[in-house]
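# Fold and contact review
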Amino acid sequence: MYESSFYLSFVFTSLLQILAAFGSLSADRERHFRQDQNQLLPMMRGMKAFVNIFGRCIWTGPRFCCNTTPQDRNACKHTDCLQPDNRTMDMAKKPLRDLYPESEPYDSGWLQVSDIHKLSYQQYGNSKGKAAVFLHGGPGAGVGPCDHRFFDPEVYRVILFDQRGAGKSTPAGELKENTTWDLVEDIEKLRKHLNIDRWVVFGGSWGSALSLAYAQAHPSRVKALVLRGIFTVRRKELEWLYEDKGGACMVYPDCFAAYKNFIPHAEQKDLLHAYYRRLISDDEKVRIDAAKHYARWEMSLGALLGDEEGLKDAEKDEWSQQFSRIGCHYFINGGFFVSDTQLLDNVDKIRHIPATIVQGRYDIVCPTETAWLLHKCWPEAEFFIVQDAGHLAYEPGITSRLVEAADKYKSL
């Protein structure tokens, strides 16, 4: 009884410290995301460790194993203890990896993929190196200035491109001839255009769905998969994020209110379609207003402690329309998949491909359940849950895991 009271007191004190820290962060909003996170993570990790070890004094639901050593965990018989190995527990024990240094593309160009669409692409790193293609999120977000930095530039030939209608690709925001299967074949056209036989495929968020779709369609062309923030475009995932049905709206009710209330009350039972009607309006002002509200909502959820750069992008007329129009177009069409679970159902087609799955524990955009389902379907793939991260690839723990994964596949 004494020990239980002691540890409860410790946890309560830690909670007070974290609340105090959040108070100081709120009073100083100009501090950078990484600095904020570095302030909170030591306290959060310490508290997590004590709760994991002594949580039986507080609750009995599923959680990490109550034992502290690998030997004791392996022997644990408690039915309410999960049994994570070092894949999910060791990030606090070793230094985090950072991105590789910035560099300029050694090549850039355009590829006409249809009568309508022309794709912009860039190549980084070693022109004679091992090929890797980066598939961006959204869909419609476009590539970012640091996306090539997950890869060792001395080893990899890194190909980045903007998907149809996104980034620099033209025409911007175009929805005609813009489906998942168009993008899958665009990746093949780009591979052939660049005279690449096989490559490592790397994608996060929507990019993880596109990576899975491409690999399942062309498994012989994929050396390995690196997947982050798993998304499979199931109706359940879309309703969690975009509808008032007890999902992300309950975690970020303040941000959700602006997203929801932009739509008249009579249309609020189906927010995604209500936004789509406005995003394809002939009235440019209607399109831009809808695009910014839609983008602000999603950008508000990106990182554990906020995504200032994403929120800035959401205020840009062109970017917000590309992101919102294309994304909404894909989602109201179920990602153009033949069934709600197509990507999970077809894992057998890629089971032989080396793969790493990285998921932020507190990912609100793409909740951990989807990554867990993929892991259960595909136990051969490495699976990492980063305990102190949300959705973004550039949160420190996720970045570290992604760089490690890319390094692992350098030998293929």
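Here the residue numbering is sequential within each chain, running from 1 through the sequence in written order. Local features in a predicted model are, by the rule used here, given only for residues with pLDDT of at least 70; side-chain atom pairs are given and counted only at 80 or more, and totals for whole chains, interfaces and linings are based on all residues. For side-chain calculations, the full set of non-hydrogen atoms in the structure is used, while hydrogens and water are omitted.

Another point: the side chain of Asp307. Among the structural elements, Asp307 can be located in the loop between α11 (284–299) and α12 (308–314). Despite its burial, Asp307 pairs with no opposite charge, the nearest such side chain being Lys312 at 9.2 Å. A polar atom in the side chain of Asp307 sits 3.1 Å from the backbone nitrogen of Gly310. By the convention used here, residues are in contact when the closest approach between their heavy atoms is within 4.5 Å. Filtering out sequence-adjacent residues up to four positions away, Asp307 remains in contact with Met299 and Leu392. Helix and strand definitions here come from DSSP, where helices need a minimum of 4 consecutive H or I residues and strands a minimum of 2 consecutive E residues; each element is numbered from the N-terminal end. Here the term buried applies to any residue with accessible area under 20% of the maximum for its type, exposed to any over 50%, and partly exposed to those in between, with areas from a 1.4 Å probe on protein chains only. Charged residues are defined narrowly, with Lys and Arg counted positive, Asp and Glu counted negative, and His plus the chain ends left uncounted. Salt bridges, as used here, are contacts in which a Lys or Arg side-chain nitrogen is within 4 Å of a carboxyl oxygen on Asp or Glu. Polar contact criterion, stated in full: a pair of N or O atoms within 3.5 Å, where within protein one must be able to donate a hydrogen and the other to accept it, and residues adjacent in sequence count only if both atoms are side-chain atoms.

Further remarks concern the nonpolar core. Taken as a class, soluble globular proteins show a tendency for nonpolar side chains to be buried jointly. For this analysis, a nonpolar core means a set of buried residues of the types Ala, Val, Leu, Ile, Met, Phe, Trp, Tyr and Cys, connected via side-chain atoms within 4.5 Å. In terms of nonpolar packing, the biggest core is built from 77 residues, with Leu225 and Trp378 touching the most fellow members. Per element, the largest residue contribution to this core is seven residues, and it comes from helix α6 (residues 206–217). The contact partners of Leu225, leaving out residues within four places of it in the chain, are Val201, Ser211, Ala215, Ile350, Ile353, Pro354, Ala355, Thr356, Trp378 and Tyr409. Among the nonpolar cores identified, the runner-up in size contains 25 residues, and Phe150, Ala393, Val403 and Ala405 belong to it.

What follows is about the confidence of the model for the chain. The pLDDT score gives, residue by residue, the confidence of the prediction method on a 0 to 100 scale. For the chain, per-residue confidence averages 85 on the pLDDT scale, and residues scoring 70 or more make up 77% of the total. A low-confidence stretch, residues 1–37 (pLDDT under 50), is modelled with 43 contacts involving residues beyond four sequence positions or located in other chains.

In total, this model carries 24 salt bridges according to the counting rule given. Its salt-bridge partner being Arg234, residue Glu237 comes within 2.7 Å of it at the nearest N-O pair. On the accessibility criterion, Arg234 (7% relative accessible area) is buried. Among the charged side chains, a network of salt bridges with common partners joins Arg97, Asp152, Asp407 and Lys410.

Residue Gly138 is joined to Pro139 through a cis peptide bond whose omega torsion reads -5 degrees. Looking at the secondary structure, you find Pro139 in the loop between β3 (130–135) and β4 (156–161). Note the cis peptide between Thr170 and Pro171, where omega equals -10 degrees. Position of Pro171 relative to the elements: it lies in the loop between β4 and α5 (180–193). We note that Glu177 has phi near 50 degrees; this positive angle belongs to a residue other than glycine. Summarising the element assignment, Glu177 is placed in the loop between β4 and α5. Its identity as a non-glycine residue notwithstanding, Phe336 has a phi of 65 degrees, on the positive side. Mapped onto the elements of the fold, Phe336 is located in the loop between α13 (317–332) and α14 (342–345).

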